[in-house]
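The lines below spell out each chain.
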Amino acid sequence: PTNWVDTHNPLTIKLQATGQAAKVTPRSEPVGDAVGGERAARIETEENDGGTVGHLTSPLVSVLACTPHTISVYAKSDNSSAKLEIGLWTRPVDYTQTPCALSHPTPLLADWQRYTFTCCTDELEDRAIVDLKVTTDNAGAVVLFDAAQLELGPQATDFKTRWVVE
């Protein structure tokens, strides 16, 4: 998800105006053991009103209403308390609310692991963003993400780069 570091799209732009945007912005960086190339997306958790969190949001993606979609991503963290929640927003993002679909919190490990979440939108929208939310016990935890996919259907397929992004 090296192109996920641009947080300005029609569904996330409100975060800037409401003070919910990350102070330490997500970034793409070289990672020697990256799953899908040579780079990975990096976030750091920060203190905010709702605890210690970090978010990585996708570019705007197309979705089909009332159709199963499966989100998969490889992730790892340097913090043993890190937990990942995968969300899908079809309306403007507001972190004080719950996304249209949200996975249960899943502990992150220190090594790359693949995490998946299947959801079905009941909205009449045809666009969405994926929100990778991480919570930790303390600020400053580093989380790396790589090889993200959004697919139609109830199962994740093997990751493959669809086009050159690096």
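That block above? That's the structure.
Quick notes on the rules
- Residues numbered from 1 in each chain as written.
- Predicted model: local features only at pLDDT ≥ 70, side-chain atom pairs only at ≥ 80, totals over all residues.
- Heavy atoms only, no water.
- Helix = DSSP H or I, 4+ residues; strand = E, 2+ residues; numbered from the N terminus.
- Rg over C-alpha atoms; globule rule 2.2 N^0.38 Å.
- Buried < 20%, exposed > 50% of the residue type's maximum accessible area, 1.4 Å probe, protein only.
- Contact = heavy atoms within 4.5 Å.
- Areas by Shrake-Rupley, 256 points an atom, 1.4 Å probe, with all protein chains shown as cover.
- Lys, Arg positive; Asp, Glu negative; His and termini not counted.
- Charge placed at Lys NZ, Arg CZ, Asp CG, Glu CD.
- Pairing = 2+ DSSP bridges.
- Axes fitted to C-alpha atoms, helices over the stretch in contact; angles between N-to-C directions.
- Disulfide = S-S within 2.5 Å.
- Core = buried A, V, L, I, M, F, W, Y, C linked by side-chain atoms within 4.5 Å.

Quick notes on the overall build of the protein chain
- The number of helices and strands found in the protein chain is 1 helix and 12 strands.
- Seen in sequence order, the protein chain has helices and strands lined up from the N terminus as α-β-β-β-β-β-β-β-β-β-β-β-β.
- Its C-alpha atoms give the protein chain a radius of gyration of 15 Å, within 12% of the compact-globule value 15 Å for 166 residues.
- Viewed in the frame of its principal axes, the protein chain has a C-alpha envelope of about 40 × 35 × 25 Å.
- A burial count over the protein chain gives 45% of its 166 residues as buried.
- A fraction of 75% describes how many contacts in the protein chain between residues 6 or more apart in sequence connect residues 24 or more apart.
- Roughly 8,500 Å² of accessible area belongs to the protein chain as shown, and the carbon and sulfur atoms make up 51% of that amount.
- Taking the 13 positively charged and 22 negatively charged side chains of the protein chain as two groups, their mean positions are separated by 1 Å.

Section: the sheet that holds strand β2 (residues 39-44)
- Within the open sheet, the 5 strands sit side by side as β1-β2-β12-β6-β10. Their pairing is antiparallel. Among the strands making up the open sheet, the edge pair consists of β1 (27-30) and β10 (113-120). In this sheet, neighbouring strand axes are inclined to one another by 40° on average, regardless of whether the strands run parallel or antiparallel.
- Pairing between β1 and β2: 4 bridges, direction antiparallel. Across the sheet, residue Glu29 finds its bridge partner in β2, namely Ala40.

Digging into the state of the cysteines
- Here the structure, examined in full by the defined rule, presents 0 disulfides.
- For Cys66, which is in no disulfide, the shortest distance to another cysteine sulfur is to Cys120 and amounts to 5.9 Å.
- Assessed through its relative accessible area of 51%, Cys66 is described here as exposed.
- Here Cys100 stays free of any disulfide, with the sulfur of Cys119 as its closest cysteine sulfur at 9.2 Å.
- Judged by its relative accessible area of 28%, Cys100 falls in the partly exposed class.

A word on the environment of Asp126
- Among the secondary structure elements, Asp126 is positioned in the loop between β10 and β11 (127-135).
- For Asp126, a relative accessible area of 53% corresponds to the exposed category.
- Every residue in contact with Asp126, bar those within four places of it in the chain, is listed here: Val61, Ser62 and Val63.

Let's talk about the pairing of strand β12 (residues 142-152)
- The buried fraction of β12 is high, at 8 of 11 residues.
- Sheet analysis places β2 next to β12, joined by 4 bridges and oriented antiparallel. Bridged to Arg42 within β12 is Leu144.

Structural notes on unusual backbone geometry
- Although it is not a glycine, Cys66 sits at a positive phi angle of roughly 55°.
- Not every positive phi belongs to a glycine, and Ala147 is a case in point at roughly 55°.
- Here Ala147 is to be found in strand β12.
- Of the residues examined, Ala147 reaches a relative accessible area of 2% and is grouped as buried.

Let's talk about the nonpolar core
- Leu84, Ile86, Leu108, Leu132, Val134 and Phe145 are the most contacted members of the largest nonpolar core, which totals 23 residues.
- Secondary structure elements with two or more residues in this core: β2, β6 (68-77), β7 (83-89), β10, β11 and β12.
- Considering each element in turn, this core owes the most residues, 4 residues, to β11.
- Ranked by size, the runner-up nonpolar core spans 7 residues in total, among them Val31, Ala34, Trp112 and Ala147.

All we've got here are geometric facts, nothing functional implied.
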